Amino acid sequence: ADTRNLESLLEPATLDGIRAASDVLAGARHIYVAGLRSLFPAAFYFNYACGMFQHNTTLLSGIAGTFADDLRRAGPDDALLVFSYEPYARDAVSALRFARDRGLGIVSVTDSAVSPIAAQATALIVAASNTPSLFPSVVPALSVAQTLVALLVARGGQASLQAIEQSESQLREFAVYLKDGG
């Protein structure tokens, strides 16, 4: 099922959506990222990976009930990247409405062109979530997050690569990883 879901990301309309999303995100002063419930890992990954080479993302985590607080300074030069599958989280839809009213560019990654976060999107990426399991597949959303990060790194060129090296150097200073795998 995940193989079919991933293959659907190669559809021309989806690739167009990914390109448009890359344009919106690359042009944003600040990127707010929301992925609630099962799609939190996709939002977290995007925010984490972008933090290695740029410093303009905020993960809307909602810790201690602060979901709306982090959007307070959002404006028309910013973007909202939102991941949401059925059943659609209320806060994801609220963030999208708030972003639309504030004039943000909106990148929606969702499971249907008629989902509540699709209609207002500046860039729409429909990522199938079909699975024989009880829970929708999050694999395509994670793949989209990885692809968007890779496109932003590529757009940033040498500056992005240097920032990643600086981030990795700082992690080595903290001995975050085991040396030589042991």
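Small disclaimer: the values here were computed from a predicted structure and weren't measured. Each residue is numbered by its place in its chain's sequence as written, counting from 1. For a predicted model such as this one, the threshold for reporting local features is a pLDDT of at least 70, and the threshold for listing and counting side-chain atom pairs is 80 or more; totals across whole chains, interfaces and linings nevertheless cover every residue. To obtain the side-chain values, all non-hydrogen atoms of the structure were included, while hydrogens and water were left out.

Caption draft 1: The arrangement of the sheet that holds strand β2 (residues 57–59) in detail. A pair of strands is treated as paired once DSSP finds two or more bridges between them. By the criteria applied, helices consist of DSSP H or I runs no shorter than four residues and strands consist of E runs no shorter than two, each listed in order from the N terminus. The sheet built from 5 strands is open, its strands ordered β2-β1-β3-β4-β5 with parallel pairing. Single-partner strands in this sheet number two, and they are β2 and β5 (123–126). Going from strand to strand, the sheet's axes swing by 15 degrees on average, the running direction of each strand aside. Relative to strand β3 (residues 79–84), strand β1 (residues 31–35) runs parallel, the two sharing 5 bridges. Residue pairing in the sheet places G35 in a bridge with F83 of β3. Helix α4 (residues 90–102) contacts β3 and β4 (105–110) of the sheet and is inclined by roughly 155 degrees relative to β3. Residue contacts are counted whenever heavy atoms from the two residues lie within 4.5 Å of one another. Fitted lines through C-alpha atoms give the axes, limited to the stretch in contact for helices. The angle between two N-to-C directions lies from 0 to 180 degrees. Against the sheet, helix α5 (residues 139–173) touches β3, β4 and β5, its axis set at about 155 degrees to β3.

Caption draft 2: Expanded view of the nonpolar core. In these notes, a set of buried Ala, Val, Leu, Ile, Met, Phe, Trp, Tyr and Cys residues joined through side-chain atoms within 4.5 Å is what counts as a nonpolar core. A 1.4 Å probe rolled over the protein chains alone gives each residue an accessible area, and that area as a share of the maximum for its type sets the label: buried under 20%, exposed over 50%, partly exposed in between. One finds L25, F46, L81, F83 and L148 to be the most contacted residues of the largest nonpolar core, which totals 36 residues. The set of elements that each furnish at least two residues to this core consists of α2 (12–26), β1, α3 (40–50), β3, β4, β5 and α5. Considering each element in turn, this core owes the most residues, 10 residues, to α5. Residues L36, L71, V93 and I106 belong to the second largest nonpolar core, which totals 18 residues.

Caption draft 3: Inspection of α5 at higher detail. Compared with an ideal rise of 1.5 Å per residue, which puts 35 residues at 51 Å, α5 spans 33 Å between its outermost C-alpha atoms and falls more than 12% short. Its axis deflected by about 115 degrees at G157, α5 carries its strongest bend there. Positioned one or two residues after α5, A175 has a phi angle of 55 degrees, which is positive. To estimate how far a helix should extend, the number of its residues minus one is multiplied by 1.5 Å. Bend is the name given here to the angle between axes fitted to two runs of seven residues, the run ending at a residue and the run starting at it.

Caption draft 4: View of the packing of α3 against α5. Two numbers describe how α3 lies on α5: the axes approach to 8 Å, and their chain directions differ by 15 degrees. With respect to each other, α3 and α5 are oriented roughly parallel. As for how α3 packs across α5, the hand of that crossing is right-handed. Seen from α3, the contacting residues are P41, A42, Y45, F46, A49 and C50; seen from α5, they are A141, L142, A145, Q146, L148, V149 and L152. Throughout this entry, Asp, Glu, Lys and Arg are counted as charged residues, while Ala, Val, Leu, Ile, Met, Phe, Trp, Tyr, Cys and Pro are counted as nonpolar. The remaining residues, Gly among them, count as polar. Residue composition of the contact of α3 with α5, grouped by class: 12 nonpolar, 1 polar and no charged. Each angle is binned into one of four classes, with values under 35 degrees roughly parallel, values over 145 roughly antiparallel, values of 65 to 115 roughly perpendicular, and all other values oblique. Crossings are assigned a handedness: left-handed for a near helix turned anticlockwise from the far helix by less than a right angle, right-handed for a clockwise turn.

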